[in-house]
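# Structural overview
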Amino acid sequence: MMKYFFLIFLFIVSCISKEQETDKPDKILKGINNIFISQVIDGRNESRKVIIHANNDPIENFSYPLVFFLHGNGGNADRWINPNLEYVDHHEFIGIYPQGFKNSWNLGQEKSNANDIEFFNLIMQQILSYSNIDLDKIFAVGTSNGSGMVNELAINTSFFKGIAPIASQLSINQIKNKNISPLSIYQVCGSDDETIPYNGGISRVGHTFMSANESIMEWVKLINCNEEYDLSIVESDSLFTFTNCKGKNQVVHRRVEGGNHNLSGRGRFIINDIWNFFKSLD
């Protein structure tokens, strides 16, 4: 009798194990692919493109970090492919390049009326169907309008471990939710930015911004960091680093000395430093 019950027990355990295995995603991200997200915007069903940029021959049983890259206003997702080829070819990360509706991200003053928080949640739902991703290592980089969207995502979602807003600090209306999920920040601003003034105020893009210093201190408070910082010089830029933060997070503000809105052409080198920062996070 005992042998009979033991066999039944083994059968049940086997069934449960098989069921759990079928629940696991078995698809892998490989090569460059376009996916399309269906979203209702202004009462119409729109199909929005997202480029997924993975290695052509991914490492077996390896979970890759994901890095979202957001273009600026008027930009295109495709522009991120070539700058990131080396990282992807060397198995550093999988790049995710979403396309803004009407080539912009909706922060209230743009052409787009899309709900971009919803859009990114829909992207994540699709990505969860793949097995070779590390859900504990999801990051985002944005430039200009994309930078503002990266800030907005950090405030209103919980899937990022770290973000890097480039050439845009927080707007004065942006921090509304004081209970954000803790994450690490690498904010980059040009000291001579003519589009989004380093010292804040009304900008030519229609938003009113905090100063870059006020913006980084807002992040410091939200992430429960000590307000003391280390100051260092990196390639003539001033780097303000706050390391004593909740959950081992870090907050960095990089002031690109003499940098305009295009960071005087140094963006590619700075993104390399940003990736090294992301990799250093526990």
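Just so it is clear, the model here is predicted, and its values are computed rather than measured.

Helix and strand content of the protein chain: 6 helices and 12 strands. By the burial criterion, 50% of the 282 residues in the protein chain qualify as buried. Intrachain contacts of the protein chain at a sequence separation of at least 6 include 62% that bridge at least 24 residues. Total accessible area on the protein chain is roughly 14200 Å²; 49% of this is exposed by carbon and sulfur atoms. If you average the places of the 24 positive and of the 31 negative side-chain charges in the protein chain, the two averages end up 4 Å apart.

In this model, helix 3 (residues 116-127) (12 residues) spans 16 Å end to end at C-alpha, consistent with the 16 Å of a helix rising 1.5 Å per residue. Tucked into the core, helix 3 has its buried residues touching strand 1 (32-41), strand 2 (44-53), strand 3 (64-70), strand 4 (94-98), strand 5 (133-143) and helix 4 (145-156). The opening residue of helix 3 is asparagine 115, an N-cap whose side-chain oxygen sits 3.3 Å from the backbone nitrogen of isoleucine 117.

The next thing to look at is the confidence of the model for the protein chain. In the predicted model, the protein chain carries a mean pLDDT of 91, and the fraction of residues at 70 or more is 91%. Per-residue pLDDT stays below 50 along residues 1-22; that stretch engages in 0 contacts with residues further than four places along the chain or on separate chains.

Let us look at the state of the cysteines. Counted under the stated rule, the structure contains 1 disulfide. The disulfide that involves cysteine 225 links it to cysteine 245, with 2.1 Å between the sulfurs. Judged by the sign of its S-S torsion, about 105 degrees, the bond between cysteine 225 and cysteine 245 is right-handed. Here cysteine 225 is found in the loop between helix 5 (212-222) and strand 10 (230-234), whereas its partner cysteine 245 is found in the loop between strand 11 (237-242) and strand 12 (251-256), with 20 residues between them in sequence. For the residue pair cysteine 225 and cysteine 245, the accessibility class agrees, reading buried in each case. Looking at the unpaired cysteine 189, the closest cysteine sulfur is the one in cysteine 225, lying at 17 Å.

All right, on to the pattern of salt bridges then. Evaluation of the coordinates by the stated rule reveals 10 salt bridges. Here glutamate 92 ties to lysine 279 by a salt bridge, and the two come within 3.3 Å at their closest N and O atoms. Of the two residues, glutamate 92 is situated in the loop between helix 2 (85-89) and strand 4 and lysine 279 in helix 6 (residues 267-280); the sequence distance between them amounts to 187 residues. Since its relative accessible area comes to 25%, glutamate 92 is described here as partly exposed. Here arginine 254 and glutamate 235 are joined by a salt bridge, their closest N and O atoms 3.9 Å apart. Linking arginine 254 in strand 12 with glutamate 235 in the loop between strand 10 and strand 11, this pair joins segments that are 19 residues apart in sequence. According to the relative accessible area criterion, arginine 254 is buried, its value standing at 1%.

Structurally, asparagine 249 can be placed in the loop between strand 11 and strand 12. Once residues within four sequence positions are removed from consideration, asparagine 249 is found in contact with Lys161, Pro182, Leu183, Ser184, Ile223, Phe242 and Thr243.

This next bit is on the packing of helix 3 against helix 4. In the contact formed by helix 3 and helix 4, the axes pass within 10 Å of each other and the chain directions differ by 75 degrees. The pairing of helix 3 with helix 4 is recorded here as roughly perpendicular in orientation. Touching Asp116, Ile117 and Phe120 of helix 3 are Met149, Glu152, Leu153 and Asn156, all from helix 4. Split by residue class, the contact of helix 3 with helix 4 holds 4 nonpolar, 1 polar and 2 charged.

Quick notes on the rules
- Residues numbered from 1 in each chain as written.
- Predicted model: local features only at pLDDT ≥ 70, side-chain atom pairs only at ≥ 80, totals over all residues.
- Heavy atoms only, no water.
- Helix = DSSP H or I, 4+ residues; strand = E, 2+ residues; numbered from the N terminus.
- Buried < 20%, exposed > 50% of the residue type's maximum accessible area, 1.4 Å probe, protein only.
- Contact = heavy atoms within 4.5 Å.
- Areas by Shrake-Rupley, 256 points an atom, 1.4 Å probe, with all protein chains shown as cover.
- Lys, Arg positive; Asp, Glu negative; His and termini not counted.
- Charge placed at Lys NZ, Arg CZ, Asp CG, Glu CD.
- Expected span 1.5 Å × (residues − 1).
- Polar contact = N/O pair within 3.5 Å; in protein donor to acceptor, adjacent residues only side chain to side chain.
- pLDDT = per-residue confidence, 0-100.
- Disulfide = S-S within 2.5 Å.
- Salt bridge = Lys/Arg side-chain N within 4 Å of Asp/Glu carboxyl O.
- Axes fitted to C-alpha atoms, helices over the stretch in contact; angles between N-to-C directions.
- Parallel < 35°, antiparallel > 145°, perpendicular 65-115°, else oblique.
- Nonpolar A, V, L, I, M, F, W, Y, C, P; charged D, E, K, R; others polar.

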